[in-house]
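# Observations on the model geometry
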Amino acid sequence: METPENIKKEFFKFLQLFIFLFSSFFVFVNQQSLQMSSAGNVEQWLNLMPEFFSNSQDFLFSYGPLYWLTGKTVVQYSEFTYWLTITFISFFSAIHWSILLRLALKRNAIIILAIVIFTGMTSINSPTTYFILPLLMVVYIHSLGWVQWINNKLVLLTIAAFVAFLFYVRFFYGMVALLTFGSYIFSSQIPKREYSSLIIITLATIIFYCTFGFFIFTNSDNILNYTIINSQLNFGNSVDMTKDVDVSIFAYIIISIIFILFNTFLIKTNPIFILTINGLLVIFLKIGFSRADHYIDYFIGPVAIMSMLFSISRNKLWILLSTFVLGLLFLLGNLSIYPGVLKLPTLRIHADFSKSVSDRAAERYQQYKIPNNVITMIGQQSIDVYPYLNEYMIANKLNYRHRPSFQNYMTLTPKLDKLNAEFFEGAQAPEFVLWTGGIGCLREDCEAFDDFDGKYMLNEDPITTTSILSHYKPVNTFTDMNKRPMVLMQKIPHSEMIKPQYLGKITLHLGEWVQVPNLSSSAVKLVPQLNLTLIAKIQNMLYRGEILYIHYKFSSGEIKRYRLNIINTQSGIWISPLLNELPLKGPRVVEIMLSTPSKHYFVDNFEANWVGYPFDGLDIKEPNRQIFSGKLPTDYPLTTGPCSASIDSVGSQQMKIDGQIQTTLKSIGWAAHSVVHDMPADQVWLTLTNASGQRYYAPVDKMERPDVAEHYKKINLVHSGYKIVADISRFKGHYQVGLLIASEGKMQQCSNIIKPLILQ
């Protein structure tokens, strides 16, 4: 028996271990996903338990109203409940493992504990904790020889409150805890004909159970109802929730041997635990095998931890016997006790090493498959992928030969850029380059050249892209299985790096629009000579850089903004055409502007050179500018009335293009034939009506409006949007802008959609 001084020292060691494990579990559990969902299963209780916080209807089920503390649901109800859940799980787990480790260390049984974990019978964050912790507490205190706790009223009241609390976490947790503490006290006191402690803990548990129930339940009658429901569920589970299988007789033989070994040990060494251990074994057998598929979590796990009892004795034979019990449990966990049973999880490999590395890698990236005819065209010849996404190389088992800096957004300096360019110019250059849309390009009509962090692909590593466009030509344009556009480019024999053509020098100011030279068959680049202030240079060395933007304006008046790579900007900024479709298709740019939110980083008023690159295959798209006509667009019957529609924006803009002043109208909005019936308009026209009532019509382009669909909760209204860019250079004076819609063979001029517009 331990002395009081030794008991204090032991508790101090336990406390140190507990604090360490609590902090470790707190961080560990915080990094795990605790949320559960009923999607794909029938655990409907998951959707009712959150009402514990917000509904007057009480939650009555085998999982208690406080079951959310174990992290199984509603931990995200609020920030407070989340942290409370993390604390609860960490607290329970830390006590559980602190006791186990102290018992193992004191009895030189760490190897036994290691076997339990190594064979998968329990885990660091196992739900077994809630079943077995009361037994561990009793065993630990018993091993210290501290017998006075049974007669300590404060200790008994604390235990009673703990047990009552567990009932509301999960009714069965409370039952197991009550059986554990009660049976141990009964075994300790009955031989002495003492009953007070047993009476105190029983009555106190009932009182605490009722008291907690009054605070937890809205309707106090549900304290009794909760008890009735759980007693009935437990019985019903055992009779009518069983799996229709025959459990192997060998499984029952193993269980019988385990019972015999436990009782042999207890009779010889610790008879005080006979009632407690046998009661728990029976309960774990019942809940583990009543459905037959719960036996790993509810029988093998708890019983494996209970085998640590053998280590209380320093007798080597008993310690060996505990290892034998673990062996039987391991055998039971890997036994086909019925067809299709889920077996005990053990150490395993997570890959099929009978397959080659390339085969396993290809299986990971099935969504990156490309058409078979393209794979056939490439064959075993070498290929690189641009701008990145080398998953295509792996998924299709291509002969991947990559440039030195194999991700364009990580080619951040001219030196790295030059290394890549030399790669494509040298003897090691691959035969093909697979040029794909950017990472956000997930459909055929996407902006294929948009890149990371709001950047434009051709400005990330301009020397590299110039080298690719000089030495490779498109041979096949296609989409992958997910409709991402891409182009296969093949090396041009005996090609040379395209030389830039000098077009002139200009002086630029940040925030100032400048006109772009018009080249009909060449790409235009701007090579600025950016100068950094002394503050900027110090900032770059000690902290980080600033932001530099380029704004592109098209002849339609549309403006796009991209972020520039400041260091690689000195190698040239791609200006026009602004390619947005593969292989080399995009609209002409008429004006550009450089801007920055910083006031101290760049020296304003800097020089830049315009240069041209005569790349083959450039497809310069003219803007789709509509023309207003005074003729009704269809022969449908025409009415006037209110519409479910909106002109969200409309405006005009004058631009000087190739020496001529042009006026364009831009508008976006949406129109529906019927919001109630979730029907977008079939056709839409923007209308201009002058002061004398003459009306002009221009067809709009359809666009998606997910915001409209979300607002009205109508899924098809996503297709109700429109946009239009129209030439209105010939219109002057006061106009009213409206909408004309057509659906089901009828036209309607929208009387409630009118916007004034003055054209100079």
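Please refer to the structure higher up on the page.
## Things to note about the pattern of salt bridges
As enumerated under the stated definition, the model contains 15 salt bridges in all. A salt bridge links glutamate 447 to lysine 560; the shortest N-O distance between them is 2.9 Å. Residue glutamate 447 is located in the loop between strand 3 (432–436) and helix 19 (462–471), and its partner lysine 560 is located in strand 10 (residues 559–563); the two are separated by 113 residues in the primary sequence. The exposure class assigned to glutamate 447 is partly exposed, which follows from its relative accessible area of 32%.

## Some thoughts on unusual backbone geometry
A cis amide bond links tyrosine 386 with the next residue in sequence, proline 387, at an omega value of 5°. With respect to the helices and strands, proline 387 occurs in the loop between strand 1 (382–386) and helix 17 (391–395). Backbone geometry places lysine 397, a non-glycine residue, at a positive phi of 50°. Here lysine 397 lies in the loop between helix 17 and strand 2 (399–400). The residue glutamate 744 is not glycine, and still its phi comes out positive at about 55°. Mapped onto the elements, glutamate 744 comes out in the loop between strand 25 (733–743) and strand 26 (746–750).

## So, helix 7 (residues 153–169)
In a regular helix each residue adds 1.5 Å, so 17 residues correspond to 24 Å; helix 7 covers 25 Å between its end C-alpha atoms and thus fits that length. Structurally, helix 7 contributes buried residues whose contacts are with helix 4 (79–106), helix 6 (128–144), helix 8 (171–189), helix 9 (196–216) and helix 10 (222–240).

## Here's the deal with the state of the cysteines
Within the structure shown, the criterion is met by 2 disulfides. Each disulfide pairs two cysteine sulfurs, and for cysteine 441 the partner residue is cysteine 446, the sulfurs being separated by 1.6 Å. The residues cysteine 441 and cysteine 446 share a single accessibility class, namely buried. Each sulfur in the disulfide pair cysteine 643 and cysteine 750 lies 2.1 Å from the other. Taking the torsion about the sulfur-sulfur bond, which here is approximately -95°, the covalent link between cysteine 643 and cysteine 750 counts as left-handed. With cysteine 643 in the loop between strand 17 (638–641) and strand 18 (644–657) and cysteine 750 in strand 26, this pair connects stretches of sequence that are 107 residues apart. Judged on exposure class, the residue cysteine 643 and its partner cysteine 750 are both buried. The connectivity of the disulfide-linked cysteines in the protein chain, indexed sequentially, is 1-2, 3-4.

The rules we used
- Residues numbered from 1 in each chain as written.
- Predicted model: local features only at pLDDT ≥ 70, side-chain atom pairs only at ≥ 80, totals over all residues.
- Heavy atoms only, no water.
- Salt bridge = Lys/Arg side-chain N within 4 Å of Asp/Glu carboxyl O.
- Helix = DSSP H or I, 4+ residues; strand = E, 2+ residues; numbered from the N terminus.
- Buried < 20%, exposed > 50% of the residue type's maximum accessible area, 1.4 Å probe, protein only.
- Expected span 1.5 Å × (residues − 1).
- Contact = heavy atoms within 4.5 Å.
- Disulfide = S-S within 2.5 Å.

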